[in-house]
Amino acid sequence: MPAISASAPGKVILFGEHAVVYGQPAIAVPVFQVKARAMVLPEPLKPAGWVRLQAPDIGLEALLSELGEEDPLGEAVRQVINKTGVDPLPALTLRVTSTIPVASGLGSGAAVSVAVIRALAEFLGYRLPDRRVAEMAFEVEKIHHGTPSGIDNSVITYARPIYFQRDLYGGKNRLETLVPDKPFTLVIGDSGIPSPTGKVVGDVRQAWRADPEGYEQIFSQIGELVRIARRFIETDDPQALGSLMLQNHDLLVKMGVSCQELNGLVDAAMQSGAWGAKLSGGGRGGNMIALVPPERAKTLADALVKAGAVKTIITHVEVNASSEDTQDR
Ligand code: PMV
């Protein structure tokens, strides 16, 4: 058996984080400048069932049998065992590397899951459809997030801009490819503050329980912004889109998921000529995004660094996806 590898991109949420957990739509796009990679190497001298996991970035080296049930990497492997029925696995080493910062809203957990699931399935001779890969990665997301909406595993599996709406009653989620009228440019700024999404999602749930009416109102205002944003993406109106981003950011501030550093980066982006900016992902740290005229991207990235960003990424959202429903792929 030859070594097999697979990779998966990072992602940012353009609109609708948190509200998407409560059934509102959201928009996310892949970020190809960062990625997770999984490589499966055969270990012909070891007995069947000997499965070693290596993730040098996080200092992990362990046998599958040593990992607890709550370990996301172990769960990704178990998903493949369950779906393919190959048990025990042939002896192997699974090596995972990633350039996606952890706990920063760029989808590192989901990207690792997708890369592991694809590489391991292919190693075993299975070609899983995207829909199945996304479902399996969703099961792993539950360990990371508790109550994930499903947007991260979806955008990362399909690797194209998506419009996503969770079915709150366990039915089929709405998942559509979003085709921008024109490419657009985003600058991503990393606050450098790690913020595990599961914690922030849990805090929002508590706040929602304490004030259901107030929070439902914020969620539906965000949902409305997302629906309008989709039109502006599909008709190329970046100024209008930028202004919606700011409105979405304000609602996230109201929800209690921003922080001084992220607000500072959003302000710096606006002062440096962005059309709009907002935090992206779970919040309280992690990344923010700015929509910029392409020729200003470098200047704006420098301005974000001056305002405290530890890293920036310039990414272009392209117009290369087909308009078919991604669930049919
Ligand atoms: O993984 P993050 O930090 O991009 O957060 C995902 C977005 C949330 O809406 C906060 C959670 C979810 O499951 O949709």
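Residues numbered from 1 in each chain as written. Predicted model: local features only at pLDDT ≥ 70, side-chain atom pairs only at ≥ 80, totals over all residues. Heavy atoms only, no water.

Draft legend 1. Layout of the site of the ligand. Near the ligand lie 16 residues; those nearest to it are Lys 11, His 18, Ser 149, Asp 152 and Thr 197. Between the ligand and Ser 149, the relevant distance is 2.6 Å, taken from an oxygen atom to a side-chain nitrogen or oxygen of the residue. Between the ligand and Gly 282 there is a distance of 2.9 Å, counted from an oxygen atom to a backbone nitrogen or oxygen. The fraction of the free accessible surface of the ligand (380 Å²) that becomes covered by protein chains is 97%. (Near = heavy atom within 4 Å. Polar contact = N/O pair within 3.5 Å; in protein donor to acceptor, adjacent residues only side chain to side chain. Areas by Shrake-Rupley, 256 points an atom, 1.4 Å probe, with all protein chains shown as cover.)

Draft legend 2. Inspection of the pairing of strand E2 (residues 25-42) at higher detail. Where strand E1 (residues 4-15) lies against E2, 11 bridges are found, and the strand directions are antiparallel. The residue bridging Pro 9 from the neighbouring strand is Lys 35, located in E2. In terms of strand pairing, E2 meets strand E5 (residues 92-98) through seven bridges, oriented antiparallel. Across the sheet, the residue bridging to Ala 38 is Val 96, located in E5. (Pairing = 2+ DSSP bridges. Helix = DSSP H or I, 4+ residues; strand = E, 2+ residues; numbered from the N terminus.)

Draft legend 3. Spotlight on the packing of helix H2 (residues 108-123) against helix H4 (residues 151-158). Two numbers describe how H2 lies on H4: the axes approach to 9 Å, and their chain directions differ by 50°. It follows from the interaxial angle that H2 and H4 lie oblique. In this structure, the crossing between H2 and H4 has a hand that is right-handed. Listed contacts from H4 to Ala 110, Ala 111, Val 114 and Arg 118 of H2 are Asp 152, Asn 153, Ile 156 and Thr 157. (Axes fitted to C-alpha atoms, helices over the stretch in contact; angles between N-to-C directions. Parallel < 35°, antiparallel > 145°, perpendicular 65-115°, else oblique. Left-handed = near helix turned anticlockwise from the far one by under 90°. Contact = heavy atoms within 4.5 Å.)

Draft legend 4. Structural view of the packing of aromatic side chains. Scanning all chains against the criterion turns up three aromatic pairs. A ring pair is formed by Tyr 22 and Phe 219, whose centres lie 4.4 Å apart and whose planes are at 15°; its orientation type is stacked. One end of the pair, Tyr 22, is in the loop between E1 and E2; the other, Phe 219, is in helix H6 (residues 212-234), and 197 residues separate them in sequence. You'll find Tyr 22 and Phe 219 in the same group, each marked buried. Their ring planes at 70° and their centres at 6.1 Å tell us that Tyr 215 and Phe 219 sit as a pair that is edge-to-face. Residue Tyr 215 and its partner Phe 219 are located together in helix H6, separated by four residues, close to a single helical turn. You'll find Tyr 215 and Phe 219 in the same group, each marked buried. Its guanidinium or amino end placed over the ring of Trp 50, Lys 46 lies 4.9 Å from that ring's centre, counting from NZ or CZ. The cationic tip of Arg 230 hangs over the ring face of Tyr 163; the distance from NZ or CZ to the ring centre is 4.4 Å. (Phe/Tyr/Trp six-rings, centres within 6.5 Å; stacked < 30°, edge-to-face > 60°. Buried < 20%, exposed > 50% of the residue type's maximum accessible area, 1.4 Å probe, protein only. Lys NZ or Arg CZ within 6 Å of the ring centre and 35° of its normal.)

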